[in-house]
Amino acid sequence: MSKIYIKDWMATKPYKKQTNTDLFYLEVSNKVLDAINSNDSHTEFLLTFMDKESIKDFSNFVTSYFEDKISNLNLFNAFVTLNHDIYSKELPFYKTSDYIKEEINLADIQFLIWYFLNLQKQDTFINPFSDEIKELATTIFSVLDSEYEYAPENDQLKKYFSLEKPDKLDEVRYFIDKILTKTYLFGYDTGLELYMRTAELKNGNNKNFQVYKGARDNFIINYPTKLLALRGNKWAVAILGNDKKKYKDIENLGLNTQTAFIYKGETEDSLKMEQISSGKVIEISKENFVDYKRLKEDMILYAGANQWKDKYIFTGIINVINHNDEAIEEAKKDLIAKRILRTEKEKQEDLKSIKAQEKVFLELNDNQEYLITSPKGAVEFINKFYETLEEKEISKDLESIVHLAKSIEKNQTIYNSVIFINPNYGIEFYANIASELDVENNEYKADEVNPAFLMKLMMDDTFSKEFFDFYYNLIKDKKSKQVEFMSTLSKKDIDFILRFFKPTRYESKL
């Protein structure tokens, strides 16, 4: 019979030394596993999404939720709090009229099953209202409920997920790192994602270690979770107690930029650094850079930097080289880093430019937000769009539009085109999807449109949230097979799912 051993349970813990509560929760996890294995329908359902060994991981996962609740770690409750802040209800999908935040809830288990399974099978939409999920949740809840009265608090875990110095960026960054990589709630999301992104960098070479550290810092501070598409600083505040006044510096933590700077001198407590891609000179605190006295003017630093308490601070120095024209020219191409340092005024100017672009798009396209056309027609429209913008001097940063037209001309595998004006980010281009659009006056429409296309738009992060919203609103009142599967989902549920599958596109600041 399958069994979970202490080494399996300890592999889920952020500490190495076994505590006096770990054996208790190991026993609970095995009881959950036995309850699953004793019901053929449960095991058959789970084996659709994972192998038999992963069912042990699943048992540890739901038992960790139980341990979280008993120990008042506030991990799952942070999710409940944030979900309520956004949607005015404790959980997605399920009724919460009788929800008790301080206790374990059947709806929690249902949601955690949905969440875990979707992390295992990210290309498959799993119905949160399925009978299989409800029945499995009832079985698991029964096990946990029977252990509730006797379950001990894990004081070591509670101590581990505490923050003593919320005014120190290094401490905050480490705390967020622990949340995103060392908790059951995010281990299979951001924890796994970080591992996949940085595994090749993590070796004994010192230079690679600096690159690895920089990549890790950048990910930890910037990357949003699938749950609610929120960055780690938002989770940190919610876990600490959601006191936004007390933790306002964490709440307002800026994005991390990994970029190239030119050293331009110093003031009493800051270093003057020119970000090469934007040409901006900013002051960076000397606090995290003990070797700054070795710098010579016009040296180039590749480093991570963060806005923190209304100023900038280094999160790590990746490399330092002497002034080099070739390196400078290459660094100027880093448009993402350039955008991170935008001021609020510049962000508003960019949005104003996008709104002006939207107006031109609508004028050129009979007041329609999208255009279905051939590749040749797409190139002609994009060129005309660009020329009109240029004539009106709407934006000076239109290289991407020019590049798009050239890319379409060269690509021989594009058979039809959809051009969409995103009201938040500008023009978008989608190739070879016109046949799946269930709209009138679409010469490329297939005789039988793909009934799963709307689901594809919802789950595939190559499509923007705005494009999904536009298309869904266009067809939701029609008798289209594409909207049938959405009938059980509320507007809030749909938005939650969009956050889940498009975390980096839902509300990107980049």
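Just above, that's the structure.
These figures come from a predicted structure and were not determined experimentally.

Some words on the packing of aromatic side chains
Evaluation of the coordinates by the stated rule reveals 47 aromatic pairs. With a centroid separation of 6.4 Å and 75 degrees between ring planes, the pair formed by Phe-61 and Tyr-188 is classed as edge-to-face. With Phe-61 in helix H4 (residues 52–71) and Tyr-188 in helix H10 (residues 187–198), this pair connects stretches of sequence that are 127 residues apart. Owing to a relative accessible area of 2%, Phe-61 belongs among the buried residues under this scheme. Ring geometry for Phe-289 versus Phe-314: centroids 5.8 Å apart, planes at 85 degrees, classification edge-to-face. Of this pair, Phe-289 sits in the loop between strand S3 (281–285) and strand S4 (300–308) while Phe-314 sits in strand S5 (residues 311–321), and the two are 25 residues apart along the sequence. Taking relative accessible area as the criterion, Phe-289 reaches 9% and is therefore assigned buried. Owing to a relative accessible area of 1%, Phe-314 belongs among the buried residues under this scheme. Of note, Lys-178 hangs over the ring of Tyr-160, and the distance from its end group to the ring centre comes to 4.4 Å. A cation over an aromatic ring shows up here: Lys-226 above the ring of Phe-500, its NZ or CZ 5.4 Å from the ring centre.

Thoughts on the nonpolar core
Generally speaking, soluble globular proteins have nonpolar side chains that are buried together. Counting 118 residues, the largest nonpolar core has Phe-58, Phe-76, Phe-111, Trp-114, Tyr-115, Trp-235 and Phe-496 as its most contacted members. Among the elements that make up this core, the one with the highest residue count is helix H6 (residues 106–120) (10 residues). If near-sequence neighbours (up to four positions away) are discounted, Phe-76 is found in contact with Tyr-65, Asp-68, Lys-69, Leu-91, Tyr-99, Asp-108, Phe-111, Leu-112, Tyr-184 and Leu-185. Core analysis: the next-biggest nonpolar cluster, separate from the first, contains 20 residues, Val-360, Phe-381, Ala-405 and Ile-419 among them.

Quick word on the sheet that holds S3
Either a parallel or an antiparallel arrangement is found when strands of a sheet pair, and the pairing is made through backbone hydrogen bonds. Sheet architecture is closed into a barrel: 5 strands sit in the order S1-S2-S3-S5-S4, paired in mixed fashion. The average undirected angle you get between the axes of adjacent strands in this sheet is 55 degrees. For S4 and S5, the ladder comprises 9 bridges, and the chain directions are antiparallel. Considered in S5, the bridge of Ala-303 is made with Ile-317.

What to know about H4
Spanning 20 residues, H4 covers 29 Å between terminal C-alpha atoms, matching the ideal 28 Å at 1.5 Å per step. With respect to burial, H4 is a largely interior element, 17 of its 20 residues being buried. Where H4 begins, the side chain of Asp-51 points an oxygen toward the backbone nitrogen of Glu-53, at a separation of 3.2 Å. Just past H4, the residue Asn-72 takes up positive phi, approximately 55 degrees.

Considering the pattern of salt bridges
A complete count under the given rule lists 27 salt bridges for this structure. For the salt bridge of Asp-8 with Lys-7, the shortest nitrogen-to-oxygen distance reads 3.4 Å. Salt-bridge contacts for Arg-173 lead to Asp-170; the nearest nitrogen and oxygen are separated by 2.7 Å. Of this pair, Arg-173 and Asp-170 both sit in helix H9 (residues 169–182), 3 residues apart, roughly one helical turn. Residue Arg-173 is classed as buried on the basis of its relative accessible area, which comes to 11%.

Looking at empty space enclosed by the protein
A full pass over the atoms with the stated rule returns 3 cavities of 30 Å³ or more. Of the pockets and cavities examined, the largest cavity occupies roughly 100 Å³. Lining the largest cavity are 13 residues, with Lys-13, Glu-67, Leu-75, Leu-157 and Tyr-184 sitting closest to its centre. Ranked by residue count, the leading element in the lining of the largest cavity is H4, at 3 residues. Broken down by class, the residue content of the lining of the largest cavity amounts to 6 nonpolar, 3 polar and 4 charged.

A short note on the layout of surface pockets
Quantified by volume, the second largest pocket comes out at close to 860 Å³. For the second largest pocket, the lining is made up of 31 residues, of which Ala-11, Lys-13, Thr-181, Lys-182 and Gly-187 are closest to its centre. When residues of the lining of the second largest pocket are traced back to their parent elements, those giving at least two are helix H1 (6–10), H4, H9, H10 and helix H11 (206–222). At 7 residues, the largest contribution of residues to the lining of the second largest pocket is made by H10. Across the lining of the second largest pocket, the residue classes break down as 14 nonpolar, 8 polar and 9 charged.

Scoring rules and cut-offs
For every chain, the first residue of the written sequence is number 1, and numbering continues from 1 onward in sequence order. Only residues with pLDDT of at least 70 get local features here, since the model is predicted, and only at 80 or more are side-chain atom pairs given and counted; chain-wide, interface and lining totals rely on the full set of residues. Excluding hydrogens and water, the side-chain values take into account all heavy atoms of the structure. Pairing of aromatic rings covers Phe, Tyr and the six-membered ring of Trp, with a centre-to-centre limit of 6.5 Å; geometry is then stacked below 30 degrees between planes, edge-to-face above 60, and tilted otherwise. Only DSSP runs of H or I covering at least 4 residues are called helices, and only runs of E covering at least 2 are called strands; the numbering of each starts at the N terminus. The buried label goes to any residue with under 20% of its type's maximum accessible area, the exposed label to any with over 50%, and the partly exposed label to all in between, with areas taken from a 1.4 Å probe on protein chains only. Definition used: whenever NZ (Lys) or CZ (Arg) falls within 6 Å of the ring centre and also within 35 degrees of the ring normal, the charge is taken to sit over that ring. As used in this record, nonpolar core signifies buried Ala, Val, Leu, Ile, Met, Phe, Trp, Tyr and Cys residues forming a set joined through side-chain atoms within 4.5 Å. Pairs of residues are marked as contacts when any of their non-hydrogen atoms sit within 4.5 Å. What makes two strands pair is DSSP finding at least two bridges between them. Working convention: axes come from line fits to C-alpha atoms, limited for helices to the stretch in contact. Angles between N-to-C directions cover 0 to 180 degrees. By this rule the span expected of a helix is its residue count minus one, scaled by 1.5 Å. For the purposes of these results, a polar contact is taken to be a pair of N or O atoms within 3.5 Å, where, inside protein, one atom must be able to donate a hydrogen and its partner to accept one; residues adjacent in sequence count only when each atom of the pair is a side-chain atom. By convention in these notes, a salt bridge is any Lys or Arg side-chain nitrogen within 4 Å of a carboxyl oxygen on Asp or Glu. Only protein atoms enter the 1 Å grid used here, on which a cavity is any set of points holding a 1.4 Å probe that cannot leave and a pocket is any open set flanked by protein within 12 Å on both sides along at least five of seven lines; residues with an atom within 4 Å of a point are listed as lining. Grid points are joined across faces, edges and corners, and a volume is the space filled by probe spheres set on the points. In this classification, Asp, Glu, Lys and Arg are treated as charged, Ala, Val, Leu, Ile, Met, Phe, Trp, Tyr, Cys and Pro as nonpolar, and every other residue, Gly included, as polar.

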